[in-house]
Amino acid sequence: MEPILKFELSKEYLERLRESIESEDEAFIKASMEDAIKADIAAILDELSMEEALFVLRALDPAVAADILIEIDEDSQYKVIKTMAPSELAVMIDQMESDDAVDVLNQLLVKDREEVIGHLEKKDKTLHIMELLRYDDDSAGGLMAKEFIKANQNWTVVQTIDEIRRQAENVDKIYSIYVVDNKEKLMGRVALKKIILAASETKIADLYDENIISVPTHMEGEEVAEIMRKYDLEAVPVVNVKDKLVGRITVDDILDLLREQAEEDIQAMTGISDDVVESDSVYRLSKARLPWLLIGMVGGLLGAGFIGFFEEGLSAVTALAFFIPLITATGGNVGIQSSTLVVQSLAAKSVFEESVTKRFIKVLVVAVLNGIVLATFVLVTVVLLYGQPLKFGLVVAIALFSVVLLASFMGTLTPIVLDKMGINPAMASGPFITTANDLLGLAVYFFVAMLLLNV
């Protein structure tokens, strides 16, 4: 087979890569991956076994390997770093920006983490990592990187350019230059264009823009993301309680956070209780999915109990059974619609958000309108199309109207209560709402039947 000399995302390259790993052909790995995009290499490594991925990383330059390690799927990444010797992992950590290094180290046990830190060669990197480890992962302090470029307001343009050249060795992306005073207090920022076009002896104090948005270290990541979205920022400086500049958060860090949170919400909405992906083990996937399936099954058994309780009524009016799926399905759909809208509004909180009372009034009005339309449609269909008596049609219509109101109320209230309790409100949009509304729907349906049909 003719060797593939250049990297490409294909089955052919993957097979050639596996052959080179088996034959320990490090020259092929280095040559083929030299100009490849790191995220694409990570995608290939995710297809390899842990031992194969580790061989590839060891064959590459530590700086390149570090960039790839950051991009690898979190589960694969954990397996790789757990296998590495502390000294070997420390070599890669030395090549990473501090925020990425902390993300990797946080996956290790405290003992292992401290051992890796002890092998770091760059003292500045060690200090940065030790500082970042103090913050919560999803706070501004936990998301920020310590690598950024700053200039003192008293410097001249010449001094600043020299300092930019020195500091830029540790900074991959330069969005702007932050300006500080002698006490490291954040004063503003200055664009590179202004620095380049200004006269050599011009002071930075005469160039910088005081209108700068910053975030405190304790701010939640979601709030930081909202600020960056609202003001269209590529990076935002982070300050401590004394307004001293301590780091910066870039848009790629926020995108990673939002992606993780979106995945968590989707899984919560579908009744998956743990952070899993399709490639995880059968045991882990089963463990993550079983809890809500069991709860749903319990709900189904309770529903069967409801139906069994009205067995005599069903025997007397067998047509009641025909419309049970209609009642339960409508209640579930209405509940999920309501809860999804509330979850969306909770995820994008505004200072102008409506009060709970106002929100419930709006939900009630919408539910009444929807209920009237659905109930009228069902009444006409049951009487004219199915040929049932008007009294029976009214039972189905009234029950459906009541279920729409109750499901709307449940779908609105549940995520708000969960949010107040500090629980992910997305959980309310899945099996929880569906199961609860199924039981409510059956109870209402048979209660109305008892009242109107005397069953």
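Refer to the preceding data block for the structure.
Residues numbered from 1 in each chain as written. Predicted model: local features only at pLDDT ≥ 70, side-chain atom pairs only at ≥ 80, totals over all residues. Heavy atoms only, no water.

S.K.: Account for helix H8 (residues 98-105), naming residues and giving values.
M.R.: When you tally the buried positions in H8, you get seven out of eight residues, the bulk of the element. Those residues of H8 not exposed but buried are Ser98, Asp99, Asp100, Ala101, Val102, Val104 and Leu105. (Buried < 20%, exposed > 50% of the residue type's maximum accessible area, 1.4 Å probe, protein only. Helix = DSSP H or I, 4+ residues; strand = E, 2+ residues; numbered from the N terminus.)

S.K.: Break down the environment of glutamate 34 for me, with residues and values.
M.R.: Within the secondary structure, glutamate 34 is located in the loop between helix H2 (26-33) and helix H3 (38-45). It is 9.7 Å that separates the C-alpha atoms of glutamate 34 and aspartate 61, two residues lying 27 residues apart in sequence.

S.K.: Let's hear about the sheet that holds strand S6 (residues 245-250): which residues, and what values?
M.R.: Strand order in this open sheet of three strands is S4-S5-S6, and the pairing throughout is mixed. Of all the strands in the sheet, just strand S4 (215-216) and S6 have a single pairing partner and so form its edges. Bridging between S4 and strand S5 (residues 235-239) involves two bridges; their strand directions are parallel. Residue pairing in the sheet places proline 216 in a bridge with valine 239 of S5. (Pairing = 2+ DSSP bridges.)

S.K.: Describe the pairing of S5, listing the residues and the values that go with them.
M.R.: By the criterion of burial, S5 is predominantly enclosed, with five of the five residues buried. With five bridges connecting them, S5 and S6 associate as antiparallel partners. Within S6, the residue paired with alanine 235 across the bridge is threonine 250. Turn length for the S5-S6 hairpin, with the two strands adjacent in sequence and antiparallel, is five residues, and the turn residue aspartate 243 shows positive phi of about 65°.

S.K.: Would you mind going over the nonpolar core in detail, with residue names and values included?
M.R.: Soluble globular proteins tend to pack their nonpolar side chains together in the buried interior. Ile29, Met33, Leu45, Leu57, Ile93 and Ile249 are the most contacted members of the largest nonpolar core, which has 61 residues in total. By residue number, the principal contributor to this core is helix H4 (residues 50-59), which donates six residues. Here isoleucine 249 is in contact with Ala140, Leu143, Met144, Val215, Val224, Met228, Glu234, Ala235, Val236, Val238 and Ile254, once residues within four sequence places are set aside. Judged by nonpolar contacts, the second largest core, of 19 residues, contains Val395, Ala399, Val403 and Ala449. (Core = buried A, V, L, I, M, F, W, Y, C linked by side-chain atoms within 4.5 Å. Contact = heavy atoms within 4.5 Å.)

S.K.: Which residues make up the sheet that holds strand S3 (residues 186-190), and what are the values?
M.R.: Strand order in the open sheet made by the three strands is S1-S2-S3, with mixed pairing throughout. The sheet is open, and its two borders are formed by strand S1 (150-152) and S3, each paired with just one other strand. Mean inter-strand twist for the sheet, computed between neighbouring axes without regard to direction, equals 35°. Here S1 pairs with strand S2 (residues 177-180) via three bridges, running parallel. When the sheet's bridge partners are listed, alanine 151 is paired in S2 with valine 179. (Axes fitted to C-alpha atoms, helices over the stretch in contact; angles between N-to-C directions.)

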